[in-house]
Amino acid sequence: MTGPTRSPELTCDITYDRLIASCGLPRLEARALLEHCCAKSREWLVAHGDERVPTEQAQAFIQLAARRRDRQEPLAYLLGWREFHGRKFSVSAAVLIPRPETELLVDLAIQIAAPQARLLDLGTGSGCIAITIACERMDLKIIATDRSPEALAQARSNAEHLCPDRLAGNRLEFRIGDWWQSIANEERFDLIISNPPYIAAADPHLGIGDLRFEPPGALASGDDGLDSLRTICAGAPSRLNDSGTLLVEHGYDQAPAVQVLMRKAGLDAVRTVKDAAGLDRITIGTWRQSA
Ligand code: GLN
């Protein structure tokens, strides 16, 4: 006669603290994964570290921890979200993981946009740029595009969670299309903003870390990484209102090339802004009809 069978949700023989310490991941990452698998807060895990983990949750954690440790899959994809500018954005492997340097692009757009301005975000991905601006500037009308239906679905779902009123009121609109494809000939904007793919196709960084798992089309753009930036800079003047601004993110060594592209397109007052690491990251140009 054996004892009662253990149901799968019974605890296994390991505590929260021990699971974190033994999984072979940096503590912060292990904690984040365990919070996710157990649906518990950081505070709860600290207070209950010596308790035993329910078996199913421990198993889920062990699997995710192995994917992080052995395959180095991006933490953001394993958790399903990444924080950007103080908000939690859902991310799947269909979208680029939001980067801290892109927060500067958002801050500049928020500073530059005049009241009631019309803004276009090209290649929105998770929607982090357009949605953050929509949350912080209720007066703007924002159109965000992407050529990937999966990315656009992710962006829409983020908007439904983070700014449903802006979406419902049609003050934030998502359109499918590659770069200028979904923009009508007569449409004009006061601000055009983009974090396009800008890595050179043969750049060895594409084979390292998180970049191996991100959508290649959101990272790389031609032999010199500038194909998308060429299309964006060349097309901006005919879509900008007088005194409208183009604002683009680019690689740390691409500022001179992007400045040339903007000037060639006829943009004026072209300047580059450095990111928090002191690297050239964003270039800005203004369209003056009379110039
Ligand atoms: N900033 C990203 C990186 O270098 C690239 C994203 C992009 O191409 N926009 O990791």
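Residues numbered from 1 in each chain as written. Predicted model: local features only at pLDDT ≥ 70, side-chain atom pairs only at ≥ 80, totals over all residues. Heavy atoms only, no water.

Draft legend 1. A look at the site of the ligand. Taken together, Leu96, Arg99, Glu101, Asn195, Pro196, Pro197, Tyr198, Ile199, Leu211, Ala218, Leu219 and Glu249 form the complete shell of residues around the ligand. Taking proline 196, its main chain carries an N or O atom lying 2.7 Å from a nitrogen atom of the ligand. Leucine 219 places a main-chain nitrogen or oxygen 3.3 Å from an oxygen atom of the ligand. Isolated, the ligand exposes 300 Å² of accessible area, and the fraction of that covered by the protein chains is 87%. (Near = heavy atom within 4 Å. Polar contact = N/O pair within 3.5 Å; in protein donor to acceptor, adjacent residues only side chain to side chain. Areas by Shrake-Rupley, 256 points an atom, 1.4 Å probe, with all protein chains shown as cover.)

Draft legend 2. Structural detail: unusual backbone geometry. Notably, asparagine 170 is not glycine yet its phi reads approximately 60 degrees, a positive angle. Locating asparagine 170 in the fold gives a position in the loop between α9 (164-168) and β7 (172-176). On the accessibility criterion, asparagine 170 (43% relative accessible area) is partly exposed. Notably, serine 243 is not glycine yet its phi reads approximately 70 degrees, a positive angle. On the accessibility criterion, serine 243 (42% relative accessible area) is partly exposed. (Helix = DSSP H or I, 4+ residues; strand = E, 2+ residues; numbered from the N terminus. Buried < 20%, exposed > 50% of the residue type's maximum accessible area, 1.4 Å probe, protein only.)

Draft legend 3. Inspection of helix α4 (residues 55-71) at higher detail. Given a rise of 1.5 Å per residue, 17 residues ought to cover 24 Å, and the 24 Å separating the end C-alpha atoms of α4 matches this to within 8%. Buried within α4 we find Thr55, Ala58, Phe61, Leu64, Ala65 and Arg68. Immediately downstream of α4, the backbone of glutamine 72 shows phi near 55 degrees, a positive value. (Expected span 1.5 Å × (residues − 1).)

Draft legend 4. Expanded view of helix α11 (residues 227-235). The complete set of buried residues in α11 reads Ser228, Leu229, Ile232, Cys233 and Gly235. Packed against the buried residues of α11 are β5 (118-122), β8 (189-194), β9 (240-249) and α12 (255-264). (Contact = heavy atoms within 4.5 Å.)

Draft legend 5. A look at the side chain of threonine 145. Within the fold, threonine 145 resides in strand β6 (residues 141-146). Judged by its relative accessible area of 0%, threonine 145 is buried. Ignoring any residue separated from it by four or fewer positions in sequence, one finds threonine 145 in contact with Leu120, Asp121, Leu122, Gly123, Thr124, Leu152, Arg175, Gly177, Trp179, Ser182 and Ile183.

Draft legend 6. How the structure looks around the layout of surface pockets. Of the volumes computed, that of the largest pocket is approximately 500 Å³. Together, 23 residues line the largest pocket, and Tyr198, Ile199, Asp203, Leu211 and Gly251 are the ones closest to its centre. The residue inventory of the lining of the largest pocket, partitioned by class, reads 11 nonpolar, five polar and seven charged. Approximately 370 Å³ is the volume found for the second largest pocket. Lining the second largest pocket are 27 residues, and of these Gly123, Thr124, Gly125, Asp146 and Ala218 lie nearest its centre. (1 Å grid on protein atoms, 1.4 Å probe; cavity = no way out; pocket = protein on both sides within 12 Å on 5 of 7 lines; lining within 4 Å. Points joined across faces, edges and corners; volume = space filled by probe spheres on them. Nonpolar A, V, L, I, M, F, W, Y, C, P; charged D, E, K, R; others polar.)

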